[in-house]
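# Results of the structural survey
Listed below are the residues making up each chain.
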Amino acid sequence: MNSTLILYESKYGTTQKVAHILSLILGPSKLCNIEENVPDINIYKNVVIAFPLYEEKSGNNIIEFFKEHSYDFSKKRVCIVSVGLSKADGIKYGLRLKDIIKKDDIYYYFIKGQLEINKLDDEDKISLEVFCNKVKIPFINMGRFEYKNVINAGVKIKEYLDRPKNEAPIEVIKNEIERFIKENNTCSIATGYEDFLRSTPIEYKYFQGNIYIISEGGLKFVGILQNKNISVSIYENYTDMNSLNGLQISGEVELLDEHSSEYEKVIKLKRLEFGKFNKLPISINILKIKPSKFEFLSSKFEEMGYDVKQNLINA
Ligand SMILES: Cc1cc2nc3c(=O)[nH]c(=O)nc-3n(C[C@H](O)[C@H](O)[C@H](O)COP(=O)(O)O)c2cc1C
């Protein structure tokens, strides 16, 4: 299992909020405050370390922990997340932690934190006021916690952590994906715009790298007409952990012109007669989905000696 431990420290709660959001996006995961009982780090494939920036005290508890306990990070993916007001400080203290855990290849991410004067303890209030007077900046609330920034960070970090360590050759991934798409005929498409979201089970036809859907219409068009982005899932019923097959496809959707040759081609592909089709008392719409990314979780990859999850990006 590609599990992730999220270790954090936080003085006023911003980094704690960041770590909690990341733990949800990065699941399967375990969220752990460094001051609580830290689980056995060796059992996790990935470790995310999040700490707030406080000048020379940045990440002090985490640093103390790793000075006292040494781990072999050589086969793990590690991400260091710093939360504060200055990215330069994030880099500086991120590199300091890197030296302590003795790992070269680390993914770093800086997230804008926030500072609310009325929440600070007396010591922090005084040191901050002294600092603000010295550098001649107003002694006021600073920064802003942005939910969206943390979500974006989660997506980027997940991409990094999910990259297979044992990647299958591209031809193998392509063949397995094509085989699975052709073996099945029903998918679920997720479409949406603003507050409107809809997931629709529907039959599809795969042809020359694209997915075609014949539709009489319906509420899925609320999303499709306003947002070309689409997500498609094709999967088998769960039986056990040794026979998993689930494919997620991201791409763009387009409504085909009913007078186009491509529309006619799809009708023929479905072994339908174009002439008869034209005489139907209702209009038939054809959607073309152009995949941009495939994420395929398949036990077949594992049987071949690769990671169970493989990705394919269309150029
Ligand atoms: C006394 C004090 C010192 C700070 N020093 C830094 C700093 O050196 N660099 C920086 O980028 N942010 C600094 N900050 C901003 C904090 O990193 C920011 O408020 C962060 O969101 C705090 O996270 P927390 O709520 O998890 O403790 C400082 C804040 C305080 C109150």
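Keep in mind that what you see is a predicted model, and the values were worked out from it rather than measured. (Residues numbered from 1 in each chain as written. Predicted model: local features only at pLDDT ≥ 70, side-chain atom pairs only at ≥ 80, totals over all residues. Heavy atoms only, no water.)

## Some points on the overall build of the protein
Spelled out, the test is: The numbering of helices and of strands both runs from the N terminus, where a helix is a DSSP run of H or I of at least 4 residues and a strand a run of E of at least 2. In this treatment the radius of gyration is a C-alpha quantity, and the globule benchmark scales as 2.2 Å times the residue count to the 0.38 power. Only protein chains enter the accessibility calculation, which uses a 1.4 Å probe. A residue is then buried if its area is under 20% of the maximum for its type, exposed if over 50%, and partly exposed in between. Residues count as neighbours in contact if any of their non-hydrogen atoms are within 4.5 Å of one another. Under the convention used here, a 1.4 Å probe and the Shrake-Rupley method define accessible areas, while residue burial counts only the protein chains that appear.
A tally of regular secondary structure across the protein gives ten helices and 15 strands. Over its C-alpha trace the protein gives a radius of gyration of 25 Å, far above what one expects of a compact globule, namely 20 Å for 315 residues. Dimensions of the protein, computed from C-alpha atoms along their principal axes, come out at roughly 80 × 45 × 30 Å. Within the protein, the fraction of its 315 residues that count as buried is 39%. Of the contacts made within the protein by residues no fewer than 6 positions apart, 72% connect residues no fewer than 24 positions apart. Accessible area of the protein: about 18,100 Å², with a carbon and sulfur share of 50%.

## A word on the UniProt feature "domain: Flavodoxin" (unreviewed entry) in the protein
What counts, and what does not: UniProt positions are given in the numbering used here, feature names are shortened, and annotations may be inferred rather than shown by experiment.
Per the UniProt record, "domain: Flavodoxin" (unreviewed entry) is found at residues 5-93. Summarising residues 5-93: 31% helix, 27% strand, and an end-to-end C-alpha distance of 20 Å.

## Focus on the packing of helix α1 (residues 14-25) against helix α5 (residues 147-162)
To keep it simple, the criterion reads: Note on method: axes are straight lines fitted to C-alpha atoms, helices fitted across the in-contact stretch only, with angles between N-to-C directions ranging 0 to 180 degrees. Any angle that falls under 35 degrees is termed roughly parallel, while one over 145 is termed roughly antiparallel, one within 65 to 115 roughly perpendicular, and all others oblique. Left-handed is the label given to a crossing in which the near helix is rotated counterclockwise from the far helix by less than a right angle, and right-handed is the label when the rotation is clockwise. Lys, Arg, Asp and Glu make up the charged group, whereas Ala, Val, Leu, Ile, Met, Phe, Trp, Tyr, Cys and Pro make up the nonpolar group; the residues left over, Gly among them, are polar.
Running from amino to carboxyl end, α1 crosses α5 at an angle of 45°, the nearest separation of the two axes being 9 Å. As far as their axial angle goes, α5 and α1 are oblique. The two elements α1 and α5 meet at a crossing, and its hand is right-handed. On α5, the residues touching V18, I21, L22 and I25 of α1 are Y147, V150, I151, A153, G154, V155, I157 and K158. A breakdown of the residues in the contact of α1 with α5 according to their chemical character gives ten nonpolar, one polar and one charged.

## Considerations on the pattern of salt bridges
Here is the rule we go by: The term salt bridge refers to a pairing of a side-chain nitrogen on Lys or Arg with a carboxyl oxygen on Asp or Glu at a separation within 4 Å.
Applying the stated criterion to the full structure yields 19 salt bridges. For K11, the salt bridge identified is with D121, shortest N-O distance 3.3 Å. Residue K11 is located in the loop between β1 (4-8) and α1, and its partner D121 is located in the loop between β6 (114-115) and α4 (122-135); the two are separated by 110 residues in the primary sequence. According to the relative accessible area criterion, K11 is partly exposed, its value standing at 44%. For K182, the salt bridge identified is with E178, shortest N-O distance 3.4 Å.

## Some thoughts on the side chain of S82
Along the chain, S82 turns up in strand β4 (residues 77-84). What makes S82 buried here is its relative accessible area of 3%. Sequence-distant contacts of S82, that is, excluding residues within four places in its chain, are made with F51, L53, G90, Y109, F110 and I111.

## Brief notes about the pairing of strand β3 (residues 46-52)
Quick note on the threshold: Whether two strands pair comes down to DSSP finding at least two bridges between them. When the strands point away from the viewer, a crossover counts as right-handed if the route from the first strand across the helix to the second turns clockwise.
For β3, the tally of buried residues reaches seven of seven residues, placing the bulk of the element in the interior. Side chains N46, V48, A50 and P52 of β3 all project onto a buried face; the interleaved residues V47, I49 and F51 project onto the opposite face, where all are buried too. In the sheet, β1 pairs with β3 via five bridges, with the strands oriented parallel. Paired with T4 across the two strands is N46, which belongs to β3. Relative to β4, β3 is paired through seven bridges, and the arrangement is parallel. The residue of β4 that forms the bridge with I49 is I80. Handedness of the crossover joining β3 and β4 through helix α2 (residues 60-68) is recorded here as right-handed.

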